[in-house]
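For reference, the chains in residue letters:
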Amino acid sequence: MTHQLEISGVDMVFDTPQGPFTALKGVDLKISKGEFVSLIGHSGCGKSTVLNIVAGLYQASKGGVILSGKEVREPGPERAVVFQNHSLLPWLTAYKNVELAVKQVFGKRMTKEEIAEWVEHNLALVQMTHAMHKRPDEISGGMKQRVGIARALAMQPQVLLMDEPFGALDALTRAHMQDSLMAIQQELGNTVIMITHDVDEAVLLSDRIVMMTNGPEATVGEILPVALERPRSRLELAQDPEYNRLRSAVLTFLYDKQRKVEPIRTPIKSPRPAQKTA
Ligand SMILES: Nc1ncnc2c1ncn2[C@@H]1O[C@H](COP(=O)(O)OP(=O)(O)OP(=O)(O)O)[C@@H](O)[C@H]1O
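Note that the coordinates shown come from a computational prediction; the quantities given were computed from them, not determined experimentally.

Enquirer: What's the story with the confidence of the model for the protein in this structure? I'm lost.
Expert: The predicted structure's coordinates, where accompanied by low pLDDT, should not be read in detail. In the predicted model, the protein carries a mean pLDDT of 91, and the fraction of residues at 70 or more is 93%. If you check the scores for this complex, the pTM reads 0.89 and the ipTM reads 0.98.

Structure below.
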């Protein structure tokens, strides 16, 4: 089976004032077209570094990434990135934000009418038609995130890279966004790599959960296939024994096998003033 995306033997060494720091060591991951893969692991293990290498924003120190047979060397429109802090241009409306990306990618190939239709179509996909002429400061965080997703989808990327896309949202908005993303991904068949800290989110959305070991020299620890039928309903899954088995497998990995022991610093007590003796 040929894979759409191959991350092979990736090491990442950062130069720091304290000397070289090996954040990643020997990361291997092969992803098929249309797969939804989550990266999960403790804070600082290197999830964003992996995503940035796939995005072409960082160059691996060793190894590399092949997408559809071509080596990734720089950012490109076939890999759209959605960050936690929706990076919309504040002076442009939701519509104009999406239009800008569409013009960058398809400006030469689409007519004005086609561009307008495509922008509206993608905003409709994320249910933002009603607010498409509002600026980012006039809409909620969840709505901004939806515009960010519409902008990424409108570029028709082969791979959608999402760095904790729903991390800053309240629980209800988050649940709604997860459901929309599942529906959109099922319709469009995009390949998605998503970083999350949320075990339920990982199990609900993914075809595979990639669990990373703690750094330094972090790498892929275990890969958990999630064979739950789609479409998935969060309410039904709450009672599903397989869902609960998968959930506890991730929790066991994170809190047992890769338990992170933070050094507890005992505050240094200031020496007691010497007692005066009479
Ligand atoms: N540009 C950089 N220079 C030096 N060290 C870096 C750089 N970027 C990341 N690191 C280090 O590499 C390690 C992995 O960082 P990364 O941001 O990829 O982790 P993460 O798993 O995404 O963390 P979080 O879940 O907290 O976002 C960390 O120890 C971090 O301090």
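Enquirer: I'm lost on the environment of glutamine 84 in this one. Help?
Expert: The residue glutamine 84 is located in the loop between strand 6 (79–82) and helix 2 (94–106) in this model. A count of 17 C-beta atoms within 10 Å places glutamine 84 in the partly exposed class. Measuring from C-alpha to C-alpha, the distance between glutamine 84 and methionine 212 comes to 20 Å, with 128 residues separating the pair along the chain. Setting aside its immediate chain neighbours within four residues, glutamine 84 contacts Asp163, Glu164, Pro165, Gly167 and Ala168.

Enquirer: Teacher, can you tell me more about the pairing of strand 8 (residues 191–195) here?
Expert: Looking along a regular strand, one sees side chains alternate from face to face of the sheet. Most of strand 8 is tucked away, with five of its five residues classed as buried. Judged by which residues are buried, strand 8 turns out to be covered on both faces: Thr191, Ile193 and Ile195 on one side and Val192 and Met194 on the other are all buried. Sheet analysis places strand 3 (residues 36–40) next to strand 8, joined by four bridges and oriented parallel. Following the sheet pairing, phenylalanine 36 is matched in strand 8 by valine 192. Strand direction decides the pairing type here: strand 7 (residues 159–163) and strand 8, joined by five bridges, are parallel. By the bridge assignment for strand 8, aspartate 163 is matched with isoleucine 195. In terms of handedness, the path from strand 7 via helix 5 (residues 171–188) over to strand 8 forms a crossover that is right-handed.

Enquirer: Help me understand the packing of helix 3 (residues 112–125) against helix 4 (residues 141–154) in this model?
Expert: How two helices sit against one another is set out by the angle between their axes and by the gap between those axes. Between helix 3 and helix 4, the least distance of the axes is 9 Å, while the angle of their chain directions is 130 degrees. In terms of orientation, helix 3 lies oblique with respect to helix 4. Considering the relative orientation of helix 3 and helix 4, their crossing is right-handed. Of the residues in helix 4, those in contact with Trp118, Val119, Asn122, Leu123 and Leu125 of helix 3 are Ala150, Leu153 and Ala154.

Enquirer: Quick question: what am I supposed to make of the sheet that holds strand 9 (residues 208–212) here?
Expert: To summarise the sheet geometry, strands pair through backbone hydrogen bonds and adopt either a parallel or an antiparallel arrangement. Overall, mixed pairing links the six strands, which are arranged 6-7-8-3-9-10 in an open sheet. Here the strands that pair on one side only, and so sit at the sheet edges, are strand 6 and strand 10 (220–225). Between one strand axis and the next, the sheet turns by 20 degrees as a mean value, whatever way the strands run. Relative to strand 9, strand 3 runs parallel, the two being bridged by four bridges. If you follow leucine 39 over to strand 9, its bridge partner there is valine 210.

Enquirer: Whenever I open this one, unusual backbone geometry confuses me. Can you help?
Expert: Most of the time, phi is negative for any residue but glycine, and the peptide bond is trans. For the bond from glycine 215 to proline 216, the omega torsion is -5 degrees, close enough to zero to count as cis. Mapped onto the elements, proline 216 comes out in the loop between strand 9 and strand 10. The amide bond that connects arginine 230 to the next residue, proline 231, takes the cis arrangement and shows omega of -5 degrees. Tracing the backbone through its elements, the reader meets proline 231 in the loop between strand 10 and helix 7 (234–237). Its identity as a non-glycine residue notwithstanding, glutamate 217 has a phi of 60 degrees, on the positive side. Looking at where glutamate 217 falls in the secondary structure, it is placed in the loop between strand 9 and strand 10.

Enquirer: What's the story with the nonpolar core in this structure? I'm lost.
Expert: Nonpolar side chains in soluble globular proteins generally cluster together in the buried interior. Counting residues in each nonpolar core, the largest one holds 69 residues, and the members touching the most others are Val54, Val98, Leu123, Ala150, Leu161, Ile193 and Val250. By residue number, the principal contributor to this core is helix 4, which donates seven residues.

Enquirer: Is there a simple way to think about the sheet that holds strand 1 (residues 5–16) in this case?
Expert: The four strands lie next to each other as 2-1-4-5, forming an open sheet whose pairing is antiparallel. Both outer strands of the open sheet, strand 2 (19–31) and strand 5 (70–71), are each paired with one neighbouring strand and no more. Two elements, strand 4 (residues 62–67) and strand 5, share two bridges in a ladder whose sense is antiparallel. The residue bridging isoleucine 66 from the neighbouring strand is glutamate 71, located in strand 5.

Here is what the cut-offs are and how they apply
- Residues numbered from 1 in each chain as written.
- Predicted model: local features only at pLDDT ≥ 70, side-chain atom pairs only at ≥ 80, totals over all residues.
- pLDDT = per-residue confidence, 0-100.
- Helix = DSSP H or I, 4+ residues; strand = E, 2+ residues; numbered from the N terminus.
- Buried ≥ 20, exposed ≤ 12 C-beta atoms within 10 Å, placed from the backbone.
- Contact = placed C-beta atoms within 7 Å.
- Pairing = 2+ DSSP bridges.
- Right-handed = clockwise from strand over helix to strand, strands pointing away.
- Axes fitted to C-alpha atoms, helices over the stretch in contact; angles between N-to-C directions.
- Parallel < 35°, antiparallel > 145°, perpendicular 65-115°, else oblique.
- Left-handed = near helix turned anticlockwise from the far one by under 90°.
- Core = buried A, V, L, I, M, F, W, Y, C linked by C-beta atoms within 7 Å.

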